[in-house]
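# Residue-level structure breakdown
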Amino acid sequence: MPPPPVSLVPPDHLDPRIRILRCGSIVDTFALVTDRYLVIIDTMVSEDTMLAGIQLLADQGLLDRPLLVLNTHGDWDHVCGNGIFCREDAPYPAPVIGSEVATELMLSPDASTFLDALKAEHPGEFDTANIWPPTIRFREYLELDCGDLSLEFVPTPGHRPGHSALWIPELRLLFAGDAAESPLPFVEDPASIPVLRASFERMLDLDPDVVLYCHAPGRTDPGAIRENIAYFDELERRCRSFLAAGNRAPGHDDLATALDWPLEKAVSSAALSSSQQPEELFYQTAHQTAIRSMLAWLKGTATE
Ligand SMILES: [Zn+2]
């Protein structure tokens, strides 16, 4: 299979300084045209795809100012194009900025094992997916003065430790990264359940007018964050009554059936239908994983 196609999605009613770069049906990343920099927010799934994205921006004459590259977190589909900016002989040398914790996760043995397996499973598709960590790392907060606009990294862990959303106060615009997505964000560590839910609140507390997600194509409103909150509220309610009835988490995998809460019932059909076929399978897994994590978290807090 060839690398996934990259396209520029018409920004519709968004501020004209924003570009949405869509990488197949896998991920949306973004570019922001500011007075000082062309800011790239996440670098897609490989160097090939990021190069295709940069070419589309070049075609619009946007490479007339310094590049600045930001990583919301270290998951492969957000950073595997970093190399074109920061590897040796990078064709578009630029600072790549990410959190210290996200960088650690990118450099973990688990991350490279996962990437090797993915490349082996999909020959041709992700051959140029490589791990090049951010060259500028910050601990928690960072603010960038881009001239006409400023950009603030907002710590929003839960989906992954060290995850940051990006906030542009002048536009009341939030790039949520993967801290919220449609139909639901992926969380696999029981201890991350309350952390993720706190991040939803943190994002809504900013009172954004526009929210752009990496995995909610077409959504530009805070509604997906609210839907994620409702999902986890209902998940907690169902898991509590499941445990209160004396049930124990079954050994088999189908927790959604045990809770009588299939994905189709847990999220809106609109949210499901907007995610394409392979993603639906992904979200079935995400749903099962969320249930397992919530049950484990509730049992953990009950014994504290
Ligand atoms: Zn992610």
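Residues numbered from 1 in each chain as written. Predicted model: local features only at pLDDT ≥ 70, side-chain atom pairs only at ≥ 80, totals over all residues. Heavy atoms only, no water.

## Description of the packing of helix H6 (residues 192–205) against helix H7 (residues 223–244)
Contact pair H6 / H7: the axes reach a minimum separation of 10 Å and the direction vectors enclose 145°. The crossing of H6 and H7 is left-handed. Mapping the contact onto sequence places Ile193, Leu196, Arg197, Phe200, Glu201, Met203 and Leu204 in H6 and Ile225, Arg226, Asn228, Ile229, Phe232, Asp233 and Glu236 in H7. Looking at the contact of H6 with H7 residue by residue, the classes come out as eight nonpolar, one polar and five charged. (Axes fitted to C-alpha atoms, helices over the stretch in contact; angles between N-to-C directions. Helix = DSSP H or I, 4+ residues; strand = E, 2+ residues; numbered from the N terminus. Left-handed = near helix turned anticlockwise from the far one by under 90°. Contact = heavy atoms within 4.5 Å. Nonpolar A, V, L, I, M, F, W, Y, C, P; charged D, E, K, R; others polar.)

## A word on the coordination of the zinc ion
The protein atoms that coordinate the zinc ion are His73 (NE2), Asp75 (OD), His159 (NE2) and Asp178 (OD), at distances of 2.1 to 2.2 Å. Angles of 88 to 162° at the metal separate the four donor atoms of the zinc ion, which places the site in the irregular class. In the primary sequence, the donor residues of the zinc ion line up as H-x1-D-x83-H-x18-D. On the basis of relative accessible area, His73 is assigned to the buried category, the value being 1%. (Donors = N, O, S within 2.8 Å, 3.2 Å for Na, K, Ca; no water. Tetrahedral: all angles 85-135°; square planar, octahedral: opposite > 155°, others 65-115°. Buried < 20%, exposed > 50% of the residue type's maximum accessible area, 1.4 Å probe, protein only.)

## Here we look at the packing of aromatic side chains
Counted under the stated rule, the structure contains nine aromatic pairs. Measuring from ring centre to ring centre gives 5.2 Å for Tyr231 and Trp261, while their planes differ by 20°; the resulting arrangement is stacked. Pair noted here: Tyr231 is in helix H7 and Trp261 is in the loop between helix H8 (255–258) and helix H9 (263–266), with a separation of 30 residues, a long-range link. Taking relative accessible area as the criterion, Tyr231 reaches 3% and is therefore assigned buried. (Phe/Tyr/Trp six-rings, centres within 6.5 Å; stacked < 30°, edge-to-face > 60°.)

## A short note on H6
End to end, H6 covers 20 Å across 14 residues, agreeing with the expected 20 Å (1.5 Å per residue, within 8%). Listed as buried for H6 are Ser192, Ile193, Leu196, Arg197, Ser199, Phe200, Met203 and Leu204. Buried residues of H6, viewed axially, fall in a sector of 150°; they line one side. Where H6 ends, the next residue or the one after it, Asp207, has phi of about 55°, a positive value. (Expected span 1.5 Å × (residues − 1). Arc of directions from axis to C-beta.)

## Regarding the environment of Asp148
Inspection of the secondary structure assignment puts Asp148 in the loop between strand E8 (142–145) and strand E9 (150–155). Given the relative accessible area of 24%, Asp148 is considered partly exposed. Sequence separation between Asp148 and Glu264 is 116 residues; the distance between their C-alpha atoms is 44 Å. Separated by 3.0 Å, the side chains of Asp148 and Arg17 make a polar contact. A distance of 2.8 Å separates the side chain of Asp148 from the backbone nitrogen of Asp35, its partner in a polar contact. (Polar contact = N/O pair within 3.5 Å; in protein donor to acceptor, adjacent residues only side chain to side chain.)

## Overview of the nonpolar core
Counting 52 residues, the largest nonpolar core has Ile40, Leu70, Phe85 and Leu151 as its most contacted members. Here this core takes five residues from strand E3 (residues 27–33), the largest share from any one element. If sequence neighbours within four positions are ignored, Leu151 has contacts with Leu32, Val39, Leu70, Leu142, Glu143, Leu144, Cys146, Leu166, Trp167 and Ile168. With 43 residues, the next largest nonpolar core counts Ala180, Ile193, Ala256 and Ala290 among its residues. (Core = buried A, V, L, I, M, F, W, Y, C linked by side-chain atoms within 4.5 Å.)

## Brief notes about the sheet that holds strand E4 (residues 38–41)
Taken together, the seven strands give an open sheet; going across it, the order is E1-E2-E3-E4-E5-E6-E7, and neighbouring strands pair in mixed fashion. Either end of the sheet is taken by a strand with one partner, and the two such strands are strand E1 (6–9) and strand E7 (136–138). Each adjacent strand pair in this sheet contributes to an overall mean axis angle of 25°, direction not counted. The strands that helix H1 (residues 47–59) touches are E1, strand E2 (18–23), E3, E4 and strand E5 (67–70); relative to E1, the one it contacts most, it runs at about 40°. (Pairing = 2+ DSSP bridges.)

## Some points on H7
In this model H7 runs 31 Å from its N-terminal to its C-terminal C-alpha over 22 residues, within 8% of the 32 Å that 1.5 Å per residue would give. Of the positions making up H7, those classed as buried are Gly223, Ala224, Ile225, Asn228, Ile229, Tyr231, Phe232, Leu235, Glu236, Arg238, Cys239 and Phe242. Directly after H7, the chain includes Gly246, whose backbone phi takes a positive value near 85°.

## A short note on the pattern of salt bridges
The tally for this structure, following the rule as stated, stands at 17 salt bridges. Ionic pairing is found between Asp233 and Arg197, a salt bridge with its closest N-O pair at 2.9 Å. Of this pair, Asp233 sits in helix H7 while Arg197 sits in helix H6, and the two are 36 residues apart along the sequence. In this structure Asp233 comes out as partly exposed when scored by relative accessible area, which is 41%. On the basis of relative accessible area, Arg197 is assigned to the buried category, the value being 16%. (Salt bridge = Lys/Arg side-chain N within 4 Å of Asp/Glu carboxyl O.)

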